Amino acid sequence: METPQIEMGGFKVNSPQVPNGGLRPTMAGSWDSRTAVQRTLRSIRIVIFTSKLNLLMPFGPASIILHFTSRRHGLVFLFSMLGITPLAERLGYATEQLAVYTGPTVGGLLNATFGNATEMIIAIYALKNGMIRVVQQSLLGSILSNMLLVMGCAFFAGGIVHRNKDQVFSKATAVVNSGLLLMAVMGLMFPAVLHFTHSEVRQGASEVVLSRFSSCIMLVAYASYLYFQLSGRSNIYSPIGSEEEPNEDATEEEEEAEIGMWEAVTWLAVLTLWVSVLSEYLVNAIEGASDSLNLPVAFISVILLPIVGNAAEHASAIMFAMKDKLDITLGVAIGSSTQISMFVIPFCVVIGWMMGQTMDLNFQLFETATLFITVLVVAFMLQDGTANYLKGLMLILCYLIVAASFFVHVDPKSSE
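First, a word on what this report is: a plain description of the structure on this page. Along each chain, the written sequence defines residue order, and numbers are assigned to residues from 1. With pLDDT at 70 or above as the cut-off, local features in this predicted model cover only qualifying residues; side-chain atom pairs require 80 or more to be listed or tallied, and sums for whole chains, interfaces and linings still use all residues. The basis for the side-chain values is all heavy atoms of the structure; hydrogens and waters are excluded.

**Notes on helix α2 (residues 59-69)**
Item 1. Between buried and exposed lies partly exposed: a residue is buried under 20% and exposed over 50% of the maximum accessible area for its type, with that area taken using a 1.4 Å probe on protein chains only. By the criteria applied, helices consist of DSSP H or I runs no shorter than four residues and strands consist of E runs no shorter than two, each listed in order from the N terminus. Of the residues making up α2, those classed as buried are Gly-60, Ser-63, Ile-64 and Leu-66. The buried residues of α2 occupy one face: seen down the axis, they fall within an arc of 160°. Across from the buried face of α2, at angles greater than 90 degrees, the exposed residues are Ile-65, Phe-68 and Thr-69.
Item 2. Turning to α2, the residues buried within the fold contact α3 (73-102) and α10 (261-284). Within this analysis, the arc is defined by the directions that extend from the helix axis to the C-beta atoms. The contact criterion used throughout is that any non-hydrogen atoms of two residues lie within 4.5 Å.

Encoded structure:
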């Protein structure tokens with residue numbers, strides 16, 4: 001049988017066809033591999049090279065090198081913290097990309113799981129090392145940072161840009177989140193009160209049992225909140241004025257995926273693994289960094305560690321506030337605080353239970369009082385559904401008071 005010929009550049013060459021008219025397997029295989037390589041390179045370009053925050057990524061490997069070549073725990077801690085910051089932002093990006101394919105319900109569950117993945121990974125490594133106070137204080141610091149610093153900066157920046165008017169947001173969302181935060185405060189307060197009033201049935205054991213029971217209740221409450229939010233209640237939590245305004249640009253604003261679904265899954269796995277590696281060095285360097293930098297462990301845990309997980313949220317909350325999209329800003333700041341208090345903290349108690357660690361909800365009197373007052377201040381700020389630069393400035397100043405308090409605070413357990 002005569003081999004068919006095709007012209008290429010004026011020359012006749014044999015066509016790579018088989019009798020049924022298809023391409024030869026070698027050509028098809030090389031074409032598929034070339035396409036896969038192009039997709040991989042495109043995915044790397046989008047995930048790694050499109051965010052300016054990724055300029056901090058080299059600090060991650062540098063912290064590992066420093067750990068093995070020197071005993072400068074302060075630098076190891078600082079470099080690890082800087083190296084994890086862009087990874088936390090990219091984790092959020094990969095989750096958002098995956099949520100485009102999965103739909104709103106599964107997307108909401110993904111955000112609940114990976115939204116604060118960095119805080120969870122750091123907490124689990126600290127739990128494994130028996131550093132329960134670091135777990136408690138770092139998670140408390142994330143809540144305080146989101147409610148006071150992130151939201152304060154967003155309100156302040158949005159108020160400066162839109163200084164001629166009060167910005168508005170959905171009061172319904174704020175009220176539900178404030179209620180959940182107050183429930184979290186209640187869950188943290190009773191074990192502390194039980195401990196400090198010495199009214200336990202069994203000394204030391206009752207507060208742990210109460211903490212584990214309360215954690216399970218809080219996880220059920222958070223799952224109910226997710227179901228409530230994601231099933232048929234979207235009209236209640238729609239942004240203010242969305243009913244009156246015609247939705248002409250819906251097709252333009254509809255989010256499109258920049259990477260494929262399995263690419264997003266792969267990136268989630270890779271980024272989570274890399275965050276896990278750096279978190280181990282970060283946690284191991286905390287006590288040494290406290291000595292070398294002459295800073296209390298409480299200040300490092302409550303003020304410095306939350307910067308790692310909240311840097312990306314900080315930037316996005318300010319950006320949305322400047323665009324007058326305060327409902328999204330609230331979702332980022334208050335939503336993240338609710339997620340940590342009602343999901344991450346109880347989850348860590350349950351994980352500690354499985355590990356055999358006595359992780360409980362007794363955050364000590366000073367920390368519990370700080371959280372209680374912060375939730376009250378934020379709830380009063382949000383009750384009228386408006387925001388301006390004065391409210392933002394007040395929240396920032398409140399955070400400075402909290403930071404100064406932890407700078408002079410000595411943890412009673414560490415002093416003992």
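Don't stop here, the text continues.
**Considerations on helix α14 (residues 365-382)**
Item 1. Spanning 18 residues, α14 covers 26 Å between terminal C-alpha atoms, matching the ideal 26 Å at 1.5 Å per step.
Item 2. Within α14, the full set of buried residues consists of Glu-367, Thr-368, Thr-370, Leu-371, Thr-374, Val-375, Val-378, Met-381 and Leu-382. Each buried residue of α14 lies within a common arc of 155° when the element is viewed along its axis, so the set occupies one face. In α14, the exposed positions that point more than 90 degrees away from the buried face belong to Leu-365, Ile-373 and Phe-380.
Item 3. At its buried positions, α14 is contacted by α6 (132-161), α7 (171-196), α13 (326-355), β4 (386-387) and α15 (389-407). In this scheme, a helix's expected span is set at 1.5 Å multiplied by one less than its residue total.

**Some points on the packing of helix α5 (residues 117-128) against α13**
Item 1. Packing of α5 against α13 leaves a shortest axis separation of 10 Å and a crossing angle of 30°. Put simply, α5 runs roughly parallel to α13. Between α5 and α13 lies a crossing whose hand is right-handed. Of α13, the residues touching α5 (which contributes Glu-119, Met-120, Ala-123, Ile-124, Leu-127 and Lys-128) are Ile-340, Phe-343, Val-344, Phe-347, Cys-348, Ile-351, Gly-352 and Met-355.
Item 2. Residue polarity follows a fixed list, in which Ala, Val, Leu, Ile, Met, Phe, Trp, Tyr, Cys and Pro are nonpolar, Asp, Glu, Lys and Arg are charged, and the others, Gly among them, are polar. Split by residue class, the contact of α5 with α13 holds 11 nonpolar, one polar and two charged. Angles shown run from 0 to 180 degrees and are taken between the N-to-C directions of axes, each axis being a line fitted to C-alpha atoms and, for helices, limited to the stretch in contact. Roughly parallel here means an angle under 35 degrees, roughly antiparallel means over 145, roughly perpendicular means 65 to 115, and every remaining angle is called oblique. Here a crossing is taken to be left-handed if its near helix is turned anticlockwise relative to the far helix by less than a right angle, and right-handed if that turn runs clockwise.

**Details of the packing of aromatic side chains**
Item 1. The criterion for an aromatic pair is that two Phe, Tyr or Trp rings (for Trp, the six-membered ring) have centres within 6.5 Å, with stacked assigned to planes under 30 degrees apart, edge-to-face to planes over 60 apart and tilted to the rest. Throughout the structure, instances matching the rule amount to eight aromatic pairs.
Item 2. Their ring planes at 75° and their centres at 5.0 Å tell us that Phe-59 and Phe-79 sit as a pair that is edge-to-face. A residue pair is termed long-range when its members are at least 10 positions apart, and Phe-59 in helix α2 and Phe-79 in helix α3 qualify at 20 residues.
Item 3. The class of Phe-59 is partly exposed, set by a relative accessible area of 27%.
Item 4. Taken together, the ring pairs connect Tyr-222, Tyr-225, Phe-343 and Phe-347 into an aromatic cluster.
Item 5. Arg-90 extends its terminal NZ or CZ atom over the ring of Tyr-93, reaching a point 4.4 Å from the ring centre. By the criterion adopted, a ring carries a charge over it if an Arg CZ or a Lys NZ lies within 6 Å of its centre and within 35 degrees of its normal.

**Brief notes about the pattern of salt bridges**
Item 1. When a carboxyl oxygen of Asp or Glu lies within 4 Å of a side-chain nitrogen of Lys or Arg, that pair is called a salt bridge. If you walk through the whole model with that rule in mind, you get five salt bridges.
Item 2. Here Arg-133 and Glu-367 are joined by a salt bridge, their closest N and O atoms 2.8 Å apart. Within this pair, whereas Arg-133 is found in helix α6, its partner Glu-367 is found in helix α14, the two being separated by 234 residues in sequence.
Item 3. Residues Asp-384 and Lys-391 are paired through a salt bridge, measuring 2.7 Å at the closest nitrogen-oxygen approach.
Item 4. The exposure class of Lys-391 is buried, given its relative accessible area of 11%.

**Describing unusual backbone geometry**
Item 1. In this model, Asp-324 sits at a positive phi of 65°, which is unusual for a non-glycine residue.
Item 2. Here Asp-324 is to be found in the loop between α12 (297-322) and α13.
Item 3. Non-glycine residue Gln-364 carries a positive phi angle of around 75°.
Item 4. Mapped onto the fold, Gln-364 is located in the loop between α13 and α14.
Item 5. A residue is classified by how much of its surface remains accessible, and Gln-364, at 6% relative accessible area, is buried.

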